[in-house]
Amino acid sequence: MGDKLHLAMGVMGNVTSLILYTVPIVTFVRVIKKKSTEEFSCVPYIIALFNCLLYTWYGLPVVSCRWENFAVVSTNGIGILFEFSFIAIYFWYAPAKNKKKAAMILTPGIVAICITMVISAFVFHDHHHRKIFIGSVGLLVAATMYGSPLVVMKQVIVTKSVEFMPFYLSLFSFLASSSWMAYGLVSHELFLAAPNLLGSPLGFLQLVLYFKYRKWGVVDEPKKWDLEKDGEKSKQLQPVINDSTNGKS
């Protein structure tokens, strides 16, 4: 029963993670069409790439015992391909200033991960200590990745608009985190369960905020007669039915 549940959680984690990885495609189709990255940041994708690299290494037989965590390798291996593609598109269309900022995060991060992998392989000589080392580093990166939506959640509360917090991204973030948390608990893998103990509640909170503010929007350009009537020169915030924000990336 335990093996079947372990397998089921692994399959569910793979499926939800795969869908989660594909959600930003809409954003990058927009980038390609407009030939501009606009105000989009590359940092979340860089951190996600670091996370996928570390947990792919964690699941390989070098760190884990044989292929006990094959589900972790498969889902994060696919994640590497997606995140690398998103980052490549960003670098192609971003202005030079933004490329430089992204490169200053990406390059040292890749170097640090390579050093971490080498240390785990040659300094530690058993799977147990390698797991502890890679898992501890991965835990820090995963906490950063799952903590990044807090900035967007603050923006939602302040603006009362869900424009920059797409529904499907929040939904599958919650489902993927919950699946991997269950997988880690069933397989007694603390370093797989622990990051998702943070990610799952944050994903749920995003969904709560989405349903609370989905019928609100920011009106950037009030009608002329409103300005003449009230003499108001600043932006107005008022409740509007804004279906176009639903699922918008």
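Each remark here, short or long, concerns the structure printed above.
Residues numbered from 1 in each chain as written. Predicted model: local features only at pLDDT ≥ 70, side-chain atom pairs only at ≥ 80, totals over all residues. Heavy atoms only, no water.

When its secondary structure is counted, the protein shows 10 helices and two strands. The linear arrangement of helices and strands in the protein, starting from the amino end, is α-α-α-α-α-α-α-α-α-β-α-β. By residue count, 41% of the 249 residues in the protein fall in the buried class. When contacts within the protein are restricted to residue pairs at least 6 apart in sequence, those whose partners lie at least 24 apart make up 74%. Split by element, the accessible area of the protein, about 14,000 Å² in all, is 70% carbon and sulfur. (Helix = DSSP H or I, 4+ residues; strand = E, 2+ residues; numbered from the N terminus. Buried < 20%, exposed > 50% of the residue type's maximum accessible area, 1.4 Å probe, protein only. Contact = heavy atoms within 4.5 Å. Areas by Shrake-Rupley, 256 points an atom, 1.4 Å probe, with all protein chains shown as cover.)

The subject of this paragraph is the packing of aromatic side chains. Considering all chains together, one arrives at 15 aromatic pairs under this definition. Ring centres 5.1 Å apart and planes at 45° place the aromatic pair Phe167 and Tyr210 in the tilted group. Placement of Phe167 in helix H8 (residues 167-186) and of Tyr210 in helix H9 (residues 190-213) is noted, with a sequence separation of 43 residues between them. Exposure remark for Tyr210: the relative accessible area of 4% places this residue in the buried category. On the numbers, 5.2 Å between centres and 75° between planes, the contact of Trp180 with Tyr183 is edge-to-face. Of this pair, Trp180 and Tyr183 both sit in helix H8, separated by three residues, roughly a single helical turn. Here Trp180 matches Tyr183 in class, with each residue buried. Each member of the aromatic cluster is reached from another via a ring pair, and the members are Tyr21, Phe28, Tyr45, Phe82 and Phe86. (Phe/Tyr/Trp six-rings, centres within 6.5 Å; stacked < 30°, edge-to-face > 60°.)

Applying the stated criterion across every chain yields a total of two salt bridges. Between Lys131 and Glu68 there is a salt bridge, with the nearest N and O atoms lying 2.7 Å from each other. Of this pair, Lys131 sits in helix H6 (residues 127-147) while Glu68 sits in the loop between helix H3 (43-59) and helix H4 (70-93), and the two are 63 residues apart along the sequence. Residue class for Glu68 comes out partly exposed when judged on its relative accessible area of 32%. Salt-bridge contacts for Lys131 lead to Glu189; the nearest nitrogen and oxygen are separated by 2.7 Å. Here Glu189 lies in the loop between H8 and H9 and Lys131 lies in helix H6, a separation of 58 residues in the sequence. Just as Lys131 is buried, Glu189 falls in that class too. (Salt bridge = Lys/Arg side-chain N within 4 Å of Asp/Glu carboxyl O.)

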